[in-house]
Amino acid sequence: AQTVTQSQPEMSVQEAETVTLSCTYDTSESDYYLFWYKQPPSRQMILVIRQEAYKQQNATENRFSVNFQKAAKSFSLKISDSQLGDAAMYFCAYNQGAQKLVFGQGTRLTINP
Amino acid sequence: KAGVTQTPRYLIKTRGQQVTLSCSPISGHRSVSWYQQTPGQGLQFLFEYFSETQRNKGNFPGRFSGRQFSNSRSEMNVSTLELGDSALYLCASSLVVPTYGYTFGSGTRLTVV
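Residues numbered from 1 in each chain as written. Chains lettered and ligands numbered in written order. Predicted model: local features only at pLDDT ≥ 70, side-chain atom pairs only at ≥ 80, totals over all residues. Heavy atoms only, no water.

Please clarify how the nonpolar core should be interpreted in this entry.
Side chains that are nonpolar tend, in soluble globular proteins, to be buried together. If you look at the biggest cluster of nonpolar residues, it comprises 26 residues, and the most contacted ones within it are Tyr25(A), Trp36(A), Phe75(A), Leu77(A) and Tyr90(A). Those elements that place two or more of their residues in this core are β3 (19-21), β5 (33-39), β6 (46-52), β8 (64-69), β9 (74-79), β10 (88-95) and β12 (107-112) of chain A. With 4 residues, the single largest contributor to this core is β10(A). Val4(B), Phe47(B), Phe60(B) and Val112(B) belong to the second largest nonpolar core, which has 21 residues in total. (Core = buried A, V, L, I, M, F, W, Y, C linked by side-chain atoms within 4.5 Å. Buried < 20%, exposed > 50% of the residue type's maximum accessible area, 1.4 Å probe, protein only. Helix = DSSP H or I, 4+ residues; strand = E, 2+ residues; numbered from the N terminus.)

Structure below.
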């Protein structure tokens, strides 16, 4: 079964600095999707960024970028110029096929002003 | 366009009762999946429906069931509620293939007393 591991339960960063959240996953598949979701106190899971495994180029969305290392099964999220609104739980998720997401345990990110 | 709508937002039930939660997906999304989120177990997949058919089911007891209607709206039902069923229940919708990711609703917070 596929598993997703986020080894950092909590992270903190100063406002305007850069932070990297780690994620590793285990799969024997070659074609899949990876996602980072953000869950603020409002509870709604918000898609931050996605990566298709067959694409070697790392995905980027404004201040958010990923470092996708397929061979190492690693998918880290870098947040540049951190803002107070970035404070939330961040979940890494794996999807193979069109049926379900497998989530990591999450990383709570705190932004210090 | 409207997002994923889950009703109700909050629910308090007594042990032994049953409950029905509702989810309306984004227009055009035919896949609807359900997740249970608890502090101890994290995010766990319940089931996924596509075109009124359950395509995948997580490892939950038979007390948890769901269905999808012809307009893609979905309901999940939990019978004979137990204290351990207290959780945030999240619904997500997507296209046939989650190329653009899954869009989540704000969830239903179920408390069993």
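Explanation requested: the sheet that holds strand β1 (residues 5-7) of chain B in the structure shown.
Residue and element names in this part refer to chain B. Reading across the sheet, the 4 strands line up as β1-β3-β8-β7 and stay open at both edges, with antiparallel pairing between neighbours. Strands with a single pairing partner mark the edges of an open sheet, and in this sheet they are β1 and β7 (64-68). Adjacent strand axes in the sheet meet at a mean angle of 15°, parallel and antiparallel pairs treated alike. Sheet topology note: the strand β3 (residues 19-24)/strand β8 (residues 74-78) ladder contains 5 bridges and is antiparallel. Its bridge partner being in β8, Ser 22 is matched across the sheet by Glu 75. (Pairing = 2+ DSSP bridges. Axes fitted to C-alpha atoms, helices over the stretch in contact; angles between N-to-C directions.)

Can you walk me through the interface of chain B and chain A in this structure?
Many analyses report the size of an interface as the accessible area lost when the parts associate. The interface of chain B with chain A comprises 28 residues on the first partner and 20 residues on the second. Contact between chain B and chain A buries roughly 2,000 Å² in total, counting both sides, with carbon and sulfur atoms accounting for 51%. Sorting the residues of chain B by area buried against chain A places Leu43(B), Tyr102(B) and Phe104(B) first, and these three jointly supply 30% of that buried surface. At the junction of chain B and chain A, the tally comes to 0 salt bridges. The interface formed by chain B and chain A contains 8 residue pairs in polar contact (both at pLDDT 80 or more). Where the side of chain B that touches chain A is concerned, the elements lending two or more residues are β4 (31-38), β5 (42-50), β6 (53-57), β9 (87-94) and β11 (108-112) of chain B. In terms of residue count, β5(B) provides more of the side of chain B that touches chain A than any other element does, 4 residues in total. Residues of the side of chain B that touches chain A, tallied by class, amount to 12 nonpolar, 12 polar and 4 charged. (Contact = heavy atoms within 4.5 Å. Buried area = accessible area lost by both parts, 1.4 Å probe. Salt bridge = Lys/Arg side-chain N within 4 Å of Asp/Glu carboxyl O. Polar contact = N/O pair within 3.5 Å; in protein donor to acceptor, adjacent residues only side chain to side chain. Nonpolar A, V, L, I, M, F, W, Y, C, P; charged D, E, K, R; others polar.)

I would appreciate a short explanation of the pairing of β9(A) in the present structure.
Remember that side chains alternate between the two faces of the sheet whenever the strand is regular. Residues and elements named next belong to chain A. Of all 6 residues that make up β9, 5 are buried, and the element is covered over most of its length. The pairing of β3 with β9 spans 3 bridges and is antiparallel. Bridge pairing in β9 links Val 19 to Ile 79. The pairing of β8 with β9 spans 6 bridges and is classified as antiparallel. Bridged to Asn 67 within β9 is Ser 76. Between the antiparallel neighbours β8 and β9 lie 4 residues, among them Lys 73 with a positive phi of about 55°.

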